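Spelled out, the chains give:
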Amino acid sequence: CFLGPPSIGWLMSAYYLFEYGSSLERAFGTAQHLLFLLIQIGFLSVCSAFFGQPFFAQSVITSMLHVLSRSMPNQKVKWLIFTVPYWTLPYGLMASDVLQAGNAGAALPHVLGILSGHVYYFHKNIWPKLGGDDWLVPPQFMVNKLEGRRSAAKDSISNALKSRKKGAGRKLGSK
């Protein structure tokens, strides 16, 4: 993905990519996150070629924001100095980029990101509720490889908590 030349916008894009990418990974798991990224890169590459628009990381960031904002639309988040509902975040990011560029063409990567994020969200969350198959499930080998250690770590912590000694306890400061 191309973040552009080093600038304040580059730093903000790197921050958004890390912050919202890790939020998406925590929410859906590592294997599902990798599948999301592969689908987004494939879909955005095709769309970018169709529109003659280079493929930018901004589209991936906006697609992440769109999927997260659809999952928790009314949650309040901090954006710059404002507290806004999550569902407005992709559109606010698009508006700020358009205002900074002084050109409506700066919205195209965001529109592509919203479109690709919506396609993913629809097929992952809405279509199965309407009776369709959830075909966006990571293969089992990917789940085993990426989340196997995490499951083992969770089991280890769970076993340690179950086997700990539970006593009456002591007041702090008493001997």
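See the structure above.
We now turn to the structure provided with this report.

Calculation notes
Residues numbered from 1 in each chain as written. Predicted model: local features only at pLDDT ≥ 70, side-chain atom pairs only at ≥ 80, totals over all residues. Heavy atoms only, no water. Core = buried A, V, L, I, M, F, W, Y, C linked by side-chain atoms within 4.5 Å. Buried < 20%, exposed > 50% of the residue type's maximum accessible area, 1.4 Å probe, protein only. Helix = DSSP H or I, 4+ residues; strand = E, 2+ residues; numbered from the N terminus. Contact = heavy atoms within 4.5 Å. Expected span 1.5 Å × (residues − 1). Axes fitted to C-alpha atoms, helices over the stretch in contact; angles between N-to-C directions. Parallel < 35°, antiparallel > 145°, perpendicular 65-115°, else oblique. Nonpolar A, V, L, I, M, F, W, Y, C, P; charged D, E, K, R; others polar. Patch = residues over 30% accessible without salt bridge, like charges linked within 9 Å, V, L, I, M, F, W, Y side chains within 5 Å. Areas by Shrake-Rupley, 256 points an atom, 1.4 Å probe, with all protein chains shown as cover. Salt bridge = Lys/Arg side-chain N within 4 Å of Asp/Glu carboxyl O.

1. Section: the nonpolar core
Most often, soluble globular proteins keep nonpolar side chains buried together rather than apart.
Phase 1 of the analysis: Core analysis: the biggest nonpolar cluster contains 22 residues, and Y20, L65, Y86 and L89 have the highest contact counts within it.
Phase 2 of the analysis: At 6 residues, helix α3 (residues 57–71) tops the list of elements feeding residues into this core.
Phase 3 of the analysis: Filtering out sequence-adjacent residues up to four positions away, L89 remains in contact with Y20, L65, V77, W79 and V84.

2. Structural notes on α3
Phase 1 of the analysis: An ideal rise of 1.5 Å per residue puts 21 Å on 15 residues; α3 measures up with 21 Å between its terminal C-alpha atoms.
Phase 2 of the analysis: Counting buried positions along α3 yields 13 of 15 residues, so the element is predominantly enclosed.

3. Considering the packing of α3 against helix α4 (residues 89–101)
Phase 1 of the analysis: Relative orientation of the contacting elements α3 and α4 amounts to 150°, with a least axis distance of 8 Å. It follows from the interaxial angle that α3 and α4 lie roughly antiparallel. Where α3 abuts α4, its residues Q58, I61, T62, L65, H66 and S69 lie against L89, P90, Y91, L93 and D97.
Phase 2 of the analysis: Across the contact of α3 with α4, the residue classes tally to 6 nonpolar, 4 polar and 1 charged.

4. Focus: a nonpolar patch on the surface
Phase 1 of the analysis: Residues I8, W10 and L11 make up a contiguous nonpolar surface patch of roughly 310 Å² in combined accessible area.
Phase 2 of the analysis: Within the secondary structure, I8 is located in helix α1 (residues 8–28).

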